Amino acid sequence: MLIPWQELKRSLLVSLWFVFLTFPIMVIKVDPIERVVQWRWDNMVFVAIGSFVVSLLVRVWFTQKERRRERLARSEAIERESLLQIILREPRYLYPLAAAVMVFALSFPFLFSTYQTNIMITALMYVMLGLGLNIVVGIAGLLDLGYVAFYAVGAYSYALLNLHFGLGFWTLLPVGALLAATFGVILGFPVLRLRGDYLAIVTLGFGEIIRLILENWNAFSQGPSGIANIPRPGFFGMALSLDQAISYLYYLMIGLVLITIFVVNRLQDSRLGRAWIALREDEIACQAMGIDKTKTKLTAFALGATWAGLVGVIFAAKTTFINPASFTFLESAIILSIVVLGGMGSIIGVIMGAFILILLPEYLRGLSEYRMLAFGAILVGMMIFRPQGFISTVRRTYHFEKKPNDE
Amino acid sequence: MTRPILQVNRLSMEFGGIRAMNQLDLDVNAGEIVALIGPNGAGKTTFFNCVTGIYDPTGGDILLNPHGRKSVRLNGLKPNKVTEQGLARTFQNIRLFSNMTVLENVMIGRHCRTSSFIVGAIFRPLSTRREERETVERSYEILEKVGLAGQVNEFAKNLPYGAQRRLEIGRALATEPFLLLLDEPAAGMNPQETSELDTLITRIRDEGHAILLIEHDMKLVMSLSDRIFVMDYGRKIADGTPEQVSSNPDVIKAYLGEDIDA
Ligand SMILES: Nc1ncnc2c1ncn2[C@@H]1O[C@H](COP(=O)(O)OP(=O)(O)O)[C@@H](O)[C@H]1O
Ligand SMILES: [Mg+2]
């Protein structure tokens, strides 16, 4: 039999328990005006069947996983790679695929409407944010819940320095990144000693502090009413129509995303990147192997923040209006979900995570009020069935001749 | 007479009211294998933690006298600074970087002897590439030495226990220490693995590293050590050659006593 009787019994119990729990809200409905009680028995049937099926699915999944693991341990077979991982490893498949994606990406604004392009720009922005936060959370293992603060620093750098000094987008893009990096170091210092949940709480507080300052210090940031009429990026002094400006921004984002992928990829496979991973894996051993913890942590915070700063400037330029409401904790949570969903430390994973998390709610608009519910269900499902994210981390492999350097 | 390369004077460590280590004197000479033994809870690991900068000792001095350089006082130095000075260690409960490959674990050991940073990582100039190639080659040589050259791309967590212990030794060697501290390297090993470890440690000593070793396997201790220090309740109760120590009545009472009673 495919499903053991015991599993069926357990799932049956789970479903009974759910029926019992949800009985008062799902089945009984009191109409205070008519003074009658409605019994919605059909709801009870839905709850029972629904919870039974979900519970059974989860159970079957886990027993199969367990069995697979046992088989693996017995035969010492190499763990089967997912199709995706095979594609990524083999240049034969990877290069044509990358070329196809690139052609599609470059022709996107010609194929689709400005509205679609605009959504795509947002998705690309989150790809960059995800890859930036991935340095801090995925690679260095520092749980940062205040990432949005650096995003805000970037956006406000552009808005304010443009407003007061008339500086342009291209001047302020690096300035915003640098200021954000500086804030990364400023946050990094007090939290050097903290780890895990303590670090999460303090960074969360830091994010909220930045937002509250922006909201309340009217003389500096114009408070909740925000800053309007921020110029879009200029194209060698030419005036662009709205459509052109959006296409331009789109290509700019494609370029920046490529640079980001290149840089993060190189960082991961470097002396610094290895130090970050070592720090994530074991802080004490890492120090005992001669790695300066302070320096390593601060560079992770600073480099992560740099990306948030860059995207912040672009965000301000794209929307031409910013106010503190754009930089709430929810934003940090979304970026963190992208990193976790994609698979901590994996570049392709984070890119996929960003597209799914940003595009899915857009295309789920058809489901109207159930949109966020479906979104939540997908996240929960993901955490149950694939807690390591879409792509689990793969480390670079080296190959040696029998004797690499015998003179 | 040459100075010992590690000289520890009246080292004490208190946790709140508990004195885990009390006025301990110890020294290691160049080219020596020295063992530190004692019952569980005697304070041996605490001693290692004080010397390597993980704890800041509450009293006493730790002096390192590298050959041909000025001597350094290690008290209060951060662990990474201690390692830079030429002192590396392994851990009693293995602390490898589980989700890194075997080779990468050793490459981490090269960190404090290399220097490329953000710019080097992103632009990979010639100097960084050379440094990286050297790191890989040196690490591979070390893996050949500790017998793990066949598993370079394996995740460290997937290695069998004995291999993990040897990888920890390899990782420590990559930092180019002149003194290597090993905390119970034979714990959990079978006799075959232990005898391989014996050969490995002797070989490391012959290559010019001094070794300070905490170990419970008496056979290994007796065969390897030039000198032995014995601790009990945070104090040193004896030191000397293996013969002197094994005939010392205090040691027999504190440490070997159980065996004799049995
Ligand atoms: N961080 C610490 N805080 C409090 N007590 C400690 C700490 N580290 C070690 N100790 C105490 O010091 C004593 C010696 O421990 P340890 O050095 O691990 O012994 P050994 O390695 O010789 O078995 C033990 O009683 C232990 O409880
Ligand atoms: Mg111990």
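Cut-offs and rules
Residues numbered from 1 in each chain as written. Chains lettered and ligands numbered in written order. Predicted model: local features only at pLDDT ≥ 70, side-chain atom pairs only at ≥ 80, totals over all residues. Heavy atoms only, no water. Contact = heavy atoms within 4.5 Å. Buried area = accessible area lost by both parts, 1.4 Å probe. Salt bridge = Lys/Arg side-chain N within 4 Å of Asp/Glu carboxyl O. Domains from an automatic or database assignment. Polar contact = N/O pair within 3.5 Å; in protein donor to acceptor, adjacent residues only side chain to side chain. Donors = N, O, S within 2.8 Å, 3.2 Å for Na, K, Ca; no water. Helix = DSSP H or I, 4+ residues; strand = E, 2+ residues; numbered from the N terminus. Near = heavy atom within 4 Å. Areas by Shrake-Rupley, 256 points an atom, 1.4 Å probe, with all protein chains shown as cover. Patch = residues over 30% accessible without salt bridge, like charges linked within 9 Å, V, L, I, M, F, W, Y side chains within 5 Å. Expected span 1.5 Å × (residues − 1). Buried < 20%, exposed > 50% of the residue type's maximum accessible area, 1.4 Å probe, protein only. Pairing = 2+ DSSP bridges.

1. Focus on the interface of chain A and chain B
Line of reasoning, step 1. Counting residues at the interface gives 40 residues for chain A and 44 residues for chain B.
Line of reasoning, step 2. With both sides pooled, the region where chain A packs onto chain B buries about 3800 Å², and carbon together with sulfur makes up 61% of that total.
Line of reasoning, step 3. Where chain A touches chain B, the interface holds 3 salt bridges.
Line of reasoning, step 4. Between A:Asp282 and B:Arg95 there is a salt bridge, and its shortest N-O distance comes to 2.7 Å.

2. A word on the domain arrangement of chain B
All names here are of chain B.
Line of reasoning, step 1. Domains assigned within chain B are domain 1 (1–86 + 177–262) and domain 2 (97–176).
Line of reasoning, step 2. Using only C-alpha atoms to locate each centre, domain 1 and domain 2 end up separated by 26 Å.
Line of reasoning, step 3. Each side of the interface is counted separately: domain 1 has 20 residues, and domain 2 has 13 residues.
Line of reasoning, step 4. Together, the buried faces of domain 1 and domain 2 total about 1400 Å²; carbon and sulfur atoms form 67% of this surface.
Line of reasoning, step 5. Across the contact surface, domain 1 and domain 2 share 1 salt bridge.
Line of reasoning, step 6. The salt bridge involving Lys 145 is made with Glu 207; its shortest N-O contact spans 2.7 Å.
Line of reasoning, step 7. Summed over the shared surface of domain 1 and domain 2, the number is 4 residue pairs in polar contact (both at pLDDT 80 or more).

3. A closer look at the coordination of the magnesium ion (ligand 2)
Line of reasoning, step 1. B:Thr45 (OG1) and B:Gln92 (OE1) make up the full set of protein donors to the magnesium ion (ligand 2), lying at 2.0 to 2.1 Å. Of this pair, B:Thr45 sits in helix α1 (residues 44–51) while B:Gln92 sits in the loop between β6 (87–89) and α3 (102–109), and the two are 47 residues apart along the sequence.

4. Concerning the site of ligand 1
All names here are of chain B.
Line of reasoning, step 1. Close to ligand 1 lie Phe 15, Ala 20, Pro 39, Asn 40, Gly 41, Ala 42, Gly 43, Lys 44, Thr 45, Thr 46 and Tyr 55.
Line of reasoning, step 2. Here an oxygen atom of ligand 1 sits 2.7 Å away from a polar atom, N or O, in the main chain of Gly 41.
Line of reasoning, step 3. At 3.2 Å, a backbone N or O of Ala 42 approaches an oxygen atom of ligand 1.
Line of reasoning, step 4. Across the complex, the protein chains shield 62% of the 560 Å² of accessible surface that ligand 1 would expose by itself.

5. Concerning a nonpolar patch on the surface
Line of reasoning, step 1. Taken together, the side chains of A:Trp17, A:Phe18, A:Phe20 and A:Leu21 define a hydrophobic patch exposed on the protein surface, amounting to about 460 Å² of accessible area.
Line of reasoning, step 2. Tracing the backbone through its elements, the reader meets A:Trp17 in helix α1 (residues 5–27).

6. Brief notes about the domain arrangement of chain A
Line of reasoning, step 1. Split into domains, chain A comes out as domain 1 (5–73) and domain 2 (112–385).
Line of reasoning, step 2. Averaged C-alpha coordinates put domain 1 of chain A and domain 2 of chain A at centres separated by 39 Å.

7. What to know about helix α13 (residues 293–319) of chain A
Residues and elements named next belong to chain A.
Line of reasoning, step 1. The end-to-end C-alpha separation of α13 is 39 Å, in line with the 39 Å expected for 27 residues at 1.5 Å each.
Line of reasoning, step 2. Where burial is concerned, most of α13 is hidden: 24 out of the 27 residues are buried.
Line of reasoning, step 3. By the N-cap criterion, in which a side-chain oxygen at the helix start approaches the backbone nitrogen of a residue two or three places on, α13 is capped by Asp 292, the distance to Thr 294 being 3.1 Å.
Line of reasoning, step 4. Once α13 finishes, Thr 320 follows within two positions and takes phi at roughly 60°, a positive value.

8. Describing the environment of A:Met383
All names here are of chain A.
Line of reasoning, step 1. Tracing the chain through its elements places Met 383 in helix α16 (residues 371–385).
Line of reasoning, step 2. Classification of Met 383 as partly exposed rests on a relative accessible area of 38%.
Line of reasoning, step 3. Spatially, the C-alpha atoms of Met 383 and Glu 90 are 28 Å apart, while their sequence positions differ by 293 residues.

9. A look at the pairing of strand β9 (residues 227–232) of chain B
All names here are of chain B.
Line of reasoning, step 1. Counting buried residues in β9 gives 6 out of 6 residues, a clear majority hidden from the surface.
Line of reasoning, step 2. In this structure, strand β3 (residues 33–37) lies alongside β9, joined through 4 bridges in parallel fashion. The residue of β9 that forms the bridge with Ala 35 is Ile 228.
Line of reasoning, step 3. Pairing analysis gives 5 bridges linking β9 to strand β10 (residues 235–240), with the strands arranged antiparallel. Residue pairing for β10: Ile 228 is matched across the bridge by Gly 240.

10. With respect to the environment of B:Lys236
Residue and element names in this part refer to chain B.
Line of reasoning, step 1. Within the secondary structure, Lys 236 is located in strand β10.
Line of reasoning, step 2. Separated by 200 residues in sequence, Lys 236 and Leu 36 place their C-alpha atoms 9.6 Å apart.
Line of reasoning, step 3. Dropping the residues within four chain positions of it, Lys 236 is found in contact with Leu 24, Asp 25, Phe 229, Val 230 and Met 231.
Line of reasoning, step 4. There is a polar contact of 3.5 Å between the side chain of Lys 236 and the backbone oxygen of Asp 25.

11. Focus on unusual backbone geometry
A negative phi angle characterises most non-glycine residues, just as the trans form characterises most peptide bonds.
Residue and element names in this part refer to chain A.
Line of reasoning, step 1. You will see that Arg 35, though not glycine, has its phi angle at about 55°, which is positive.
Line of reasoning, step 2. Mapped onto the elements, Arg 35 comes out in the loop between β1 (28–31) and β2 (36–39).
Line of reasoning, step 3. Owing to a relative accessible area of 73%, Arg 35 belongs among the exposed residues under this scheme.

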